[in-house]
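Reading the structure
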Amino acid sequence: MKVFLALAFALISPAAFAETPAPLTAETALPVIEQAFSQNGCAFAMQGGELAMAEAIATLLGTDVATVTSRENGNWQAINQAMDGLITSGRFAPDADAGVFRLAGCEPA
């Protein structure tokens, strides 16, 4: 029995024991958004860009898109607040000619 349990635990991925990331706040979401833009060439497409950004943020946080976009855990609201701050500051801007949203001051990774 002990051998079976040892084998069962050895086969379970360590990720199964990983903690769920704490919900984002607007302050903690901002650097993650900036990094997502940086890793995506400082722009996201206007068509499908929201999903691509959610996927990039999920990857950076080591979680799935559903966790990032859930309206129940606060992440979606925090990302929206951070994006509102980027819009207000003028850093987040549409480039209709190129069909992308750009982040001013972003350095591509």
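Scroll up a little and you will see the structure.
All values derive from a computational prediction rather than experimental measurement. (Residues numbered from 1 in each chain as written. Predicted model: local features only at pLDDT ≥ 70, side-chain atom pairs only at ≥ 80, totals over all residues. Heavy atoms only, no water.)

1. Looking at the pattern of salt bridges
For clarity, the threshold we go by: Salt bridges are identified by distance alone: a Lys or Arg side-chain nitrogen within 4 Å of an Asp or Glu carboxyl oxygen. Each helix is a run of DSSP H or I of at least 4 residues and each strand a run of E of at least 2, with the numbering of both proceeding from the N terminus. Burial classification: accessible surface area is computed with a 1.4 Å probe over protein chains only, and a residue below 20% of its type maximum counts as buried, one above 50% as exposed, and the rest as partly exposed.
A complete count under the given rule lists 2 salt bridges for this structure. A salt bridge links Glu 34 to Arg 91; the shortest N-O distance between them is 2.6 Å. Of the two residues, Glu 34 sits in helix H2 (residues 26–39) while Arg 91 sits in the loop between helix H5 (75–89) and strand S2 (92–95), which places them 57 residues apart along the sequence. We classify Arg 91 as partly exposed; its relative accessible area is 24%. Salt-bridge contacts for Arg 102 lead to Asp 95; the nearest nitrogen and oxygen are separated by 2.9 Å. For Asp 95, a relative accessible area of 21% puts it in the partly exposed group.

2. Some details on the pairing of S2
Note the following rule: For two strands to be treated as a pair, DSSP must find no fewer than two bridges joining them.
With 4 bridges connecting them, S2 and strand S3 (residues 100–103) associate as antiparallel partners. Each residue of the ladder has a partner; that of Ala 93, found in S3, is Arg 102. Linkage of S2 to S3, two consecutive antiparallel strands, is achieved through a turn of 4 residues, within which Gly 99 is found at a positive phi near 75 degrees.

3. A short note on the sheet that holds strand S1 (residues 43–45)
Going by this rule: Note on method: axes are straight lines fitted to C-alpha atoms, helices fitted across the in-contact stretch only, with angles between N-to-C directions ranging 0 to 180 degrees.
If you trace the 3 strands from one edge of the open sheet to the other, you get S1-S3-S2, paired in antiparallel fashion. Of all strands in the sheet, those with a lone pairing partner are S1 and S2, marking the two edges. Taken pair by pair, the neighbouring strands of this sheet meet at an average axis angle of 25 degrees, ignoring direction. Where S1 and S3 come together, 3 bridges link them in antiparallel fashion. Across the sheet, the residue bridging to Ala 43 is Arg 102, located in S3.

4. Let's talk about the state of the cysteines
To be explicit about the condition: Here, two cysteine sulfur atoms that lie within 2.5 Å of each other are counted as a disulfide.
Taken as a whole and judged by the stated rule, the model has 1 disulfide. Disulfide pairing is shown between Cys 42 and Cys 106; the S-S distance is 2.1 Å. Every disulfide takes its handedness from the sign of the S-S torsion; for Cys 42 and Cys 106 that torsion is -75 degrees, giving left-handed. Placement of the pair is Cys 42 in the loop between H2 and S1 and Cys 106 in the segment after S3, with a sequence separation of 64 residues. In this structure Cys 106 comes out as buried when scored by relative accessible area, which is 15%.

5. Quick look at the packing of aromatic side chains
Aromatic ring pairs are defined here through the distance separating the ring centres and the angle between the ring planes. Note the threshold: Any two of the Phe, Tyr and Trp rings considered here, Trp counted by its six-membered ring, make a pair once their centres fall within 6.5 Å; the pair's planes then place it as stacked at under 30 degrees, edge-to-face at over 60, or tilted in between. The rule for a charge over a ring is simple: NZ of Lys or CZ of Arg within 6 Å of the ring centre, and within 35 degrees of the ring normal.
Going through the model one piece at a time under the given rule, you end up with 3 aromatic pairs. Ring geometry for Phe 37 versus Phe 44: centroids 4.9 Å apart, planes at 80 degrees, classification edge-to-face. For the pair Phe 37 and Phe 44, a shared accessibility class is recorded, and that class is buried. Arranged with centres 5.2 Å apart and planes meeting at 15 degrees, the rings of Phe 92 and Phe 101 form a pair that is stacked. What links up through ring pairs into an aromatic cluster is the set Phe 37, Phe 44, Phe 92 and Phe 101. The lysine or arginine in question, Arg 71, covers the ring of Trp 76, its NZ or CZ lying 3.6 Å from the ring centre.

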